[in-house]
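Analysis of the macromolecular model
Chain residues, written in single-letter form:
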Amino acid sequence: MIKDYKIEKMSILAMMIAMDVVLSPLLRVEGIAPMSSVMNVIAAVLMGPVYGTLMALSCGILRMILFGIPPLALTGAVFGAFLSGIGYRLTSKYLAAIIGEFIGTGLVGSLLSYPVMVWFTGSAQGMYWFVYTPRFIIGALSGSIMAYFILIRLDKLAYIQHVKGIFWPTIKKI
């Protein structure tokens, strides 16, 4: 018998969104948001690319509304969460999730932030394509490393295995 876990999935997603919105401002330096990367990797591993991307998108919108953060909150997080989830789905390894976060946030997100911010500010004066890349890479790498150590600890919890079973019924623990 296959159970329908829709309510539990939505509850877990809501808790992850709340944790991301609360934790992201704690270690944030302008342009460097390692806690966002921590939550992206954890969400990608626990919930997969679709729910992880939904979490990142929701958190980015909430941070823009609540904290007045520019659209960098979206460009930085969404691609990292998606590629992190894809990496974990393909390999079931934390390293693949970390690489996905690095590529998605550190490279893709940082490069797409330039045209978004040119549109947002209305000017390209004093900006260049790689203006956000160093900060995004630092945030993605530091956050991903923290997420790795947190995931190692979380793996020991029975409820986390239950959550992985809800979102990843076909992936077997290696």
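Residues numbered from 1 in each chain as written. Predicted model: local features only at pLDDT ≥ 70, side-chain atom pairs only at ≥ 80, totals over all residues. Heavy atoms only, no water.

Looking at an unreviewed UniProt entry, one finds the chain named Energy coupling factor transporter S component ThiW, with Aerococcus viridans as its source organism.

1. What to know about the overall build of the chain
Worth spelling out the cut-off: Secondary structure is summarised from DSSP: a helix means a run of H or I of at least four residues, a strand means a run of E of at least two, and numbering begins at the N terminus for each. Just to be clear, the radius of gyration here is over C-alpha atoms, and the globule rule we use is 2.2 Å times residues to the power 0.38. Burial classes follow relative accessibility: with a 1.4 Å probe on protein chains only, a residue under 20% of its type's maximum area counts as buried, one over 50% as exposed, and anything between as partly exposed.
Regarding its fold elements, the chain presents 6 helices and 0 strands. Tracing the chain from N to C terminus, the helices and strands come up as α-α-α-α-α-α. On C-alpha atoms alone, the chain measures out to a radius of gyration of 16 Å, which is about the 16 Å that the 2.2 N^0.38 rule sets for 174 residues. Along the first, second and third principal axes, the C-alpha atoms of the chain reach 60 × 30 × 25 Å. In the chain, buried positions account for 47% of the 174 residues.

2. A few points about the pattern of salt bridges
Heads up, the rule is: Criterion for a salt bridge: a side-chain nitrogen of Lys or Arg within 4 Å of a carboxyl oxygen of Asp or Glu.
All told, the structure shown has 2 salt bridges when counted by the stated rule. Notably, a salt bridge pairs Asp-20 with Arg-63, separated by 3.2 Å at the nearest N-O pair. One end of the pair, Asp-20, is in helix 1 (residues 6-23); the other, Arg-63, is in helix 2 (residues 34-67), with 43 residues separating them in the sequence. Overall, the relative accessible area of 0% leaves Asp-20 in the buried class.

3. Description of the UniProt feature "transmembrane region" (unreviewed entry) in the chain
Where we set the bar: UniProt positions are given in the numbering used here, feature names are shortened, and annotations may be inferred rather than shown by experiment.
Feature annotation in UniProt places "transmembrane region" (unreviewed entry) on residues 12-29, 41-66, 72-90, 102-121 and 127-151, given in this structure's numbering. The span residues 72-90 is 100% helix and 0% strand, and its two end C-alpha atoms sit 28 Å from each other. With 100% helix and 0% strand, the stretch residues 102-121 has end C-alpha atoms that lie 26 Å from each other.

4. Thoughts on helix 6 (residues 158-167)
Our working rule: Think of the arc as the fan of directions from the helix axis to the C-beta atoms. When checking whether two residues touch, look at their non-hydrogen atoms; a contact exists if any pair is within 4.5 Å.
Every buried residue belonging to helix 6 is among Ile-160, Val-163, Lys-164, Ile-166 and Phe-167, and all of these are buried. One side of helix 6 carries all its buried residues, which in axial view fall inside an arc of 155 degrees. Contacts made by the buried residues of helix 6 are with helix 1, helix 2, helix 3 (72-91), helix 4 (94-121) and helix 5 (133-154).

5. Regarding the packing of aromatic side chains
So the rule is basically this: Stacked, edge-to-face and tilted labels apply to pairs of Phe, Tyr and Trp rings (six-membered ring for Trp) whose centres lie within 6.5 Å, assigned for plane angles under 30 degrees, over 60, and everything in between, in that order.
All told, the structure shown has 4 aromatic pairs when counted by the stated rule. Between Tyr-51 and Phe-167, the aromatic rings sit 5.0 Å apart at their centres with planes inclined by 75 degrees, giving edge-to-face as the arrangement. Residue Tyr-51 is located in helix 2, and its partner Phe-167 is located in helix 6; the two are separated by 116 residues in the primary sequence. In this structure Tyr-51 comes out as buried when scored by relative accessible area, which is 18%. Where Tyr-88 meets Tyr-94, the ring centres are 6.0 Å apart and the plane angle is 15 degrees; that geometry is what we call stacked. There is no split in this pair, since Tyr-88 and Tyr-94 are both buried.

6. Some thoughts on helix 3
Put simply, the rule reads: One less than the residue count of a helix, multiplied by 1.5 Å, gives the span that helix is expected to have.
Taking 1.5 Å as the rise per residue, helix 3 with 20 residues should run 28 Å; its terminal C-alpha atoms sit 29 Å apart, in good agreement. When we look at burial in helix 3, the residues that qualify are Leu-72, Ala-73, Thr-75, Gly-76, Ala-77, Val-78, Gly-80, Ala-81, Ser-84, Gly-85, Gly-87 and Tyr-88. Positive backbone phi, at 60 degrees, marks Ser-92, one or two positions downstream of helix 3.

7. Some thoughts on the packing of helix 2 against helix 5
To keep things clear, this is the line we draw: Axes, fitted as lines to C-alpha atoms, cover a helix only where it is in contact. Angles between the N-to-C directions of the axes lie from 0 to 180 degrees. What sets the label is the angle itself: under 35 degrees gives roughly parallel, over 145 gives roughly antiparallel, 65 to 115 gives roughly perpendicular, and the rest give oblique. A crossing counts as left-handed when the near helix is turned anticlockwise from the far one by less than a right angle, and as right-handed when that turn is clockwise.
For the pair helix 2 and helix 5, interaxial distance at closest approach is 7 Å and the crossing angle is 45 degrees. Put simply, helix 2 runs oblique to helix 5. Every pair of crossing elements has a handedness; the one defined by helix 2 and helix 5 is right-handed. In this structure, helix 2 contributes Pro-34, Ser-37, Val-38, Val-41, Ile-42 and Val-45 to the contact, and helix 5 contributes Gly-139, Ala-140, Ser-142, Gly-143, Ser-144, Met-146, Ala-147, Ile-150, Leu-151 and Leu-154.

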